[in-house]
Amino acid sequence: IEILYSQLDSSIQDFFKYGYHKREIRYINAYLSATLNAIISYVERLINVGCMSETETVLALKFANNLQKHEAQLISISKPEGGFTLPFSLEGGFSIPKIEVLWDDCIGLSTKYTSQREAYEKLLKKKPIIETLEPIVRELLNGEK
């Protein structure tokens, strides 16, 4: 999990450094799929031996993992909104929206497990992938709560 998550994070950083102009996201998709699969495999073992329960976070991750198997791309890239026209004034401040790699909204994809989809929509949908996975990975690896 640690190695795959680290590679996922690196692939996202590389995407912004080198690949964004090409929309190159295949490495992100590959490492996201592998990371999710490793997390779910480990969590299911913990649940089977009674060391963990099936929380809302687990349901959300199971939904994401199952969809990743059927839908090759479970990520979306946020697009900055707004902009400016010339001439413009800085009186009201100036900011450039951050472009992020987010969990997709999965519009049109269905599942027989509505509780998993609801958990995904609540906890992951349209949120940054690394920000949402980091505390989960930390907890699994370090036993932190």
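All figures in this text were calculated on a predicted structure; none of them were measured in a lab.

Caption draft 1: How the structure looks around the overall build of the protein chain. Scanning the protein chain from terminus to terminus reveals 5 helices and 2 strands. For the protein chain, the α and β elements follow one another from N to C terminus as α-α-α-β-β-α-α. The proportion of buried residues among the 145 residues of the protein chain is 35%. A fraction of 70% describes how many contacts in the protein chain between residues 6 or more apart in sequence connect residues 24 or more apart. When the accessible surface of the protein chain is split by element, carbon and sulfur atoms take 51% of a total near 9200 Å².

Caption draft 2: Examining the packing of aromatic side chains more closely. By the definition in use, this model includes 3 aromatic pairs. Put simply, the rings of F63, W103 and Y120 touch in pairs and so form one group of aromatic residues.

Caption draft 3: Broad picture of the nonpolar core. Grouped together as the largest cluster of nonpolar side chains are 34 residues, with contacts concentrated most on L32, L74, W103, Y120 and L133. Of all the secondary structure elements, the ones that give two or more residues to this core are helix 1 (2-19), helix 2 (26-48), helix 3 (56-70), strand 1 (75-77), strand 2 (101-103), helix 4 (114-123) and helix 5 (129-142).

Caption draft 4: Examining the packing of helix 3 against helix 4 more closely. Where helix 3 meets helix 4, the axes come as close as 7 Å, and the angle between the chain directions of the two elements is 100°. The angle between the axes of helix 3 and helix 4 places the two elements in the roughly perpendicular class. Listed contacts from helix 4 to E56, T57, L59, A60, K62, F63, A64 and N66 of helix 3 are S115, Q116, R117, A119, Y120, K122 and L123. Taken together, the residues of the contact of helix 3 with helix 4 sort by class into 7 nonpolar, 4 polar and 4 charged.

Caption draft 5: Seen up close, the pattern of salt bridges. Within the structure shown, the criterion is met by 6 salt bridges. Put simply, K126 and D105 hold a salt bridge, and the shortest N to O gap is 4.0 Å. Of this pair, K126 sits in the loop between helix 4 and helix 5 while D105 sits in the loop between strand 2 and helix 4, and the two are 21 residues apart along the sequence. By relative accessible area, K126 is classed as partly exposed at 41%. On the basis of relative accessibility, which here comes to 17%, the residue D105 falls in the buried class. Between E121 and R117 there is a salt bridge, and its shortest N-O distance comes to 3.1 Å.

Caption draft 6: Main features of the confidence of the model for the protein chain. On average, residues of the protein chain score 83 in pLDDT, and 79% of them are at 70 or above. Element-level pLDDT for the protein chain is lowest in strand 1, with a mean of 74, against a maximum mean of 94 in helix 5.

Caption draft 7: The packing of helix 2 against helix 3, seen in detail. As a packed pair, helix 2 and helix 3 sit with axes 9 Å apart at the nearest point and diverge in direction by 135°. When the interaxial angle is binned, helix 2 and helix 3 end up oblique. By crossing handedness, the relation of helix 2 to helix 3 is classed as left-handed. Each of N29, L32, S33, L36, N37, I39, I40, V43, E44 and I47 in helix 2 lies in contact with helix 3, whose residues at this interface are V58, L61, K62, A64, N65 and Q68. Here the contact of helix 2 with helix 3 is composed, by residue class, of 9 nonpolar, 5 polar and 2 charged.

Rules of the game
- Each residue is numbered by its place in its chain's sequence as written, counting from 1.
- Thresholds applied to this predicted model are a pLDDT of at least 70 for local features of residues and 80 or more for the giving and counting of side-chain atom pairs; totals over whole chains, interfaces and linings are not thresholded and use all residues.
- Side-chain descriptors were evaluated using all non-hydrogen atoms of the structure, hydrogens and water having been removed beforehand.
- Every helix listed is a DSSP run of H or I at least four residues long, and every strand listed is a run of E at least two residues long, numbered separately from the N terminus.
- Throughout this description, buried means an accessible area under 20% of the type-specific maximum (1.4 Å probe, protein chains only), exposed means over 50%, and partly exposed covers the range between.
- The contact rule is simple, with two residues in contact once any of their heavy atoms fall within 4.5 Å.
- Computed with a 1.4 Å probe, the accessible areas rest on the Shrake-Rupley method; for each residue, only the protein chains presented here act as cover.
- Pairing of aromatic rings covers Phe, Tyr and the six-membered ring of Trp, with a centre-to-centre limit of 6.5 Å; geometry is then stacked below 30 degrees between planes, edge-to-face above 60, and tilted otherwise.
- Residues enter a nonpolar core if they are buried and are Ala, Val, Leu, Ile, Met, Phe, Trp, Tyr or Cys, with the set joined through side-chain atoms within 4.5 Å.
- As a rule, the C-alpha atoms of each element are fitted with a line to give its axis, helices using only the stretch in contact, and angles between N-to-C directions run from 0 to 180 degrees.
- Comment on the angle field: the value is read as roughly parallel under 35 degrees, roughly antiparallel over 145, roughly perpendicular from 65 to 115, and oblique elsewhere.
- Here the nonpolar group is Ala, Val, Leu, Ile, Met, Phe, Trp, Tyr, Cys and Pro; Asp, Glu, Lys and Arg are the charged ones; every other residue, Gly included, is treated as polar.
- For salt bridges, the criterion is a side-chain nitrogen of Lys or Arg within 4 Å of an Asp or Glu carboxyl oxygen.
- Confidence of the predictor at the level of single residues is given by pLDDT, which spans 0 to 100.
- Crossings are assigned a handedness: left-handed for a near helix turned anticlockwise from the far helix by less than a right angle, right-handed for a clockwise turn.

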